[in-house]
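Report on the structure
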Amino acid sequence: MTATSEYALELNDLRKSFGRSEIIRGANLKVAHGERVAIIGPNGAGKSTLFNLISGRFAPTSGDVVLNGQRINGLPPYEINRRGLSRSFQITNIFPKLSVFENLRCGVLWSLGYKYTFLRFLSGLHDANERAEELMRQIHLDKKRDVLAMNLTYAEQRALEIGITIGGGANVILLDEPTAGMSRSETKRFISLIREVTVGKTLLTVEHDMGVVFGLADKIAVVVYGEVIAFDTPEAVRANQRVQEAYLGSVVAENQAGGH
Amino acid sequence: MSSNNIQSYGFKPLNLGRIVIWALFALALIVAPLLFKSSLALTMLSQIGYLIIICLSYNMLLGQGGMLSFGHAVYTGLGSFIAIHAMNMAGKGMSIPVSLIPIVGGLAGMGFAALLGWVTTKKSGTTFAMITMGVGELVASMALMLPDFFGGEGGITTNRVYGQSFMGISFGPQIQVYYLIAFYCFVCTAAMFAFTGTPLGRILNAVRDNPERVEFIGYNTQRVRYFAFIIAGFFAGVGGGLATINFEIVTGADSLSVIRSGGYLLFTFLGGATFFFGPIIGAVLLVFASVLLSELSKAWLLYLGLVFLFMVMYAPGGIASLVMLNVRLARFGRLKPLLSCYLGMALTGSVVVLGAASMIEMLYHLQLNAALGPEMEFLHLRVNAEATASWLCAVAVLAVGLGLFELVRRRFVARWHHIQEEIEKEIKRTEAH
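1. A few points about the overall build of chain B
- Looking only at helices and strands, chain B features 18 helices and four strands.
- Against the 2.2 N^0.38 benchmark of 22 Å for 433 residues, chain B shows a C-alpha radius of gyration of 24 Å, consistent with a compact globule.
- Each of the three principal axes of chain B carries a C-alpha extent, and together these read 75 × 70 × 50 Å.
- Here chain B, with 433 residues, has 39% of them falling under the buried criterion.
- A separation threshold of at least 6 residues defines the contact pool for chain B, and within that pool the share at least 24 residues apart is 79%.

2. Section: the sheet that holds strand β5 (residues 70-71) of chain A
Residues and elements named next belong to chain A.
- The antiparallel open sheet is built from four strands, whose spatial order is β2-β1-β4-β5. On the outer flanks of this sheet lie β2 (21-32) and β5, each paired with one strand and no other.
- Sheet topology places strand β1 (residues 7-18) next to strand β4 (residues 62-67); five bridges connect them, and they run antiparallel. Note on β4: the bridge partner recorded for E10 is V66.
- Here helix α1 (residues 47-55) sits on the sheet in contact with β1, β2 and β4, set at roughly 65° to β2.

3. Quick word on the packing of helix α17 (residues 336-368) of chain B against helix α18 (residues 388-432) of chain B
All names here are of chain B.
- At a closest axis distance of 8 Å, the pairing of α17 and α18 adopts a crossing angle of 155°. For the element pair α17 / α18, the angle class is roughly antiparallel. Crossing geometry of α17 relative to α18 is assigned as left-handed.
- Its residues assigned to classes, the contact of α17 with α18 comprises 21 nonpolar, seven polar and three charged.

4. Structural notes on the nonpolar core
- The biggest cluster of nonpolar side chains holds 168 residues, and the ones touching the most others in it are A:V222, B:I53, B:I203 and B:A283.
- Looking at this core element by element, the count peaks at 14 residues for helix α11 (residues 221-247) of chain B.

5. Description of the domain arrangement of chain B
- Examined at the domain level, chain B breaks down into domain 1 (2-298) and domain 2 (332-432).
- Distance from the C-alpha centre of domain 1 of chain B to the C-alpha centre of domain 2 of chain B: 34 Å.

6. Quick notes on helix α5 (residues 154-167) of chain A
Residues and elements named next belong to chain A.
- Taking 1.5 Å per residue as the helical rise, α5 with its 14 residues ought to reach 20 Å, and the 20 Å between its terminal C-alpha atoms agrees with that figure.
- Among the 14 residues that make up α5, 11 are buried, leaving the element largely enclosed by the rest of the structure.
- Packed against the buried residues of α5 are β6 (85-87), α3 (100-109), α4 (126-138), β7 (172-176) and α6 (184-197).
- Two residues or fewer past α5, G169 is found with a positive phi of approximately 75°.

7. Some words on the interface of chain B and chain A
- Counting from both sides, the interface comprises 31 residues of chain B and, opposite them, 34 residues of chain A.
- Where the side of chain B that touches chain A is concerned, the elements lending two or more residues are α1 (2-10), α9 (199-209), α10 (211-215) and α11 of chain B.
- Of the residues forming the side of chain B that touches chain A, the biggest block, eight residues, is contributed by α9(B).
- Split by residue class, the side of chain B that touches chain A holds 15 nonpolar, nine polar and seven charged.

8. Remarks on the confidence of the model for chain B
- Here chain B averages 92 in pLDDT, while 97% of its residues score no lower than 70.
- Predicted confidence for residues 1-10 of chain B stays below pLDDT 50, and this span has five contacts to residues more than four positions away or in other chains.

9. Brief notes about the environment of A:E156
Residues and elements named next belong to chain A.
- Relative to the assigned elements, E156 resides in helix α5.
- As for E156 and K188, which are separated by 32 residues in sequence, their C-alpha atoms are 14 Å apart.
- Ignoring anything within four residues of it in the chain, the contact list for E156 reads L141 and K144.

Conventions we followed
Residues numbered from 1 in each chain as written. Chains lettered and ligands numbered in written order. Predicted model: local features only at pLDDT ≥ 70, side-chain atom pairs only at ≥ 80, totals over all residues. Helix = DSSP H or I, 4+ residues; strand = E, 2+ residues; numbered from the N terminus. Rg over C-alpha atoms; globule rule 2.2 N^0.38 Å. Buried ≥ 20, exposed ≤ 12 C-beta atoms within 10 Å, placed from the backbone. Contact = placed C-beta atoms within 7 Å. Pairing = 2+ DSSP bridges. Axes fitted to C-alpha atoms, helices over the stretch in contact; angles between N-to-C directions. Parallel < 35°, antiparallel > 145°, perpendicular 65-115°, else oblique. Left-handed = near helix turned anticlockwise from the far one by under 90°. Nonpolar A, V, L, I, M, F, W, Y, C, P; charged D, E, K, R; others polar. Core = buried A, V, L, I, M, F, W, Y, C linked by C-beta atoms within 7 Å. Domains from an automatic or database assignment. Expected span 1.5 Å × (residues − 1). pLDDT = per-residue confidence, 0-100.

Below you can see the structure in the form of structure tokens.
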């Protein structure tokens, strides 16, 4: 990908309404190449909607999404993916009746230029097979090569999800709550896995676990009521008065109430 | 596990096992008419041949793409019509050899699939099913509105013997037609199997499993469905063209009907949509049901419906999945203890069928053949359909059959679970090593 822009991803006054309720109300964000950004915010703040707008699942009502200097708003997901952005999902989203290897191979086919061809055998596509094998080792699923995705454990499925997401070699990766539903030890291992496989890439994650957020991110974007109210380094965000009021306060309160 | 890794690169599409299986398939196609020599058998074999192509092409949509089409007969039927017009043009100077007529049908099926599929494949799931049904009705009703092309109620006839015969092959005798069908059957089956190993074929599986995710790995799911639909349309058309050569007549009311489409769906499902070879079994069953079962009983559609019902409820993977489950057992060397159960279930099951069938037949006789009197023939026995004794007898047979079947079934289920558990343990043991 040629970096024609100084930023990997820009959101300019992005808005999205469902019916009469405006969920995203003028979000602005500029993510530099290679930055790791965690998006945090209270439930219902619009974090997942923001991801859906960026990745093309929904079209924005107004405003711009700019990927590597190119406007991508309103494009279908596959067009956005081909331009170098890939995402994972909060609810595990894999191909349940295909094996681990096949899942990963599906993830790499387009980026290697095989498109819709039916005139070549998969077994002869050495680059695709090698890439899938390599991914399988990276996400530590090489021992489960021929296991159907639906028969994997939850943590393995989450890893496979990441593998499919990074498979196409996109340089902007969006991970929607990658560690949701994992135990502490699994989370820890998983975070280091994410770190390993996203080296050199621009990474955006939605995350609830503050430990993960402060451990993984170079910068934190705080989304409240459909706006990005702060976007800075973890230390600066932690010290930010508005953030404390709007968000961290409620987390503290939750913690004291014995929630998380 | 290490052997697995070595295998992963070295896997060839043409390995020994596959070569053996395909050779056996070819052999079966060649030898079948030599073993079954009656003209009825030859008719049935010819039908099986092209129905294998049609059911496999249907399964490209259903089993591989998750597209529940209710209008597959549109493409086989239109393929048949274009093929028959192409054959009839032979007298008017433009002569296409009979051996290439299936290709003409295939191109026609492909063309119409490209045209109509553009609309149907825009949607997936239930909406797709509804649209295909609508398109099916549309085309079927057009057949009556355009009698010049579709021949109205009488359909269009042809004569497959035209042009120069080549080395004595005129395609007049049925056996020559059979071998033409068998040739296409083998080539098309191989081509469709090859398709499952291509990038488009695999992405089609991914679209079946999770269309939303496919959009996020760079593929336009509509395109994937559309291309698969066109390819399926081609093979459907080839099947239609072969049917034309076989029957020398095509009627719109029959070959384009939604009932015909339903038949392809039903038997593809019965054969098994989850395995590539399932529809082959389905095609064989389709011919046996429509040729033999329909001769045997007026109530054959009722029996067929019941079989379909039980299959959907107890073996949604069709016969192919039942076969593969038992192959798995055999591989672990644990099929033997179940054989007695299978035998028992087959015996007690046939008692149940005997009881139920006698009642159904008596009922049908009373309703449809009342003019012939209450006496009827059932399995070479004279039965009085109005007599209380015959009904009591039938009920008794059914009740005894059900009771015995249930006993054997319980035993079978217990053994089955036991064996499955043992296999799981064995797998765990080998994985641990």
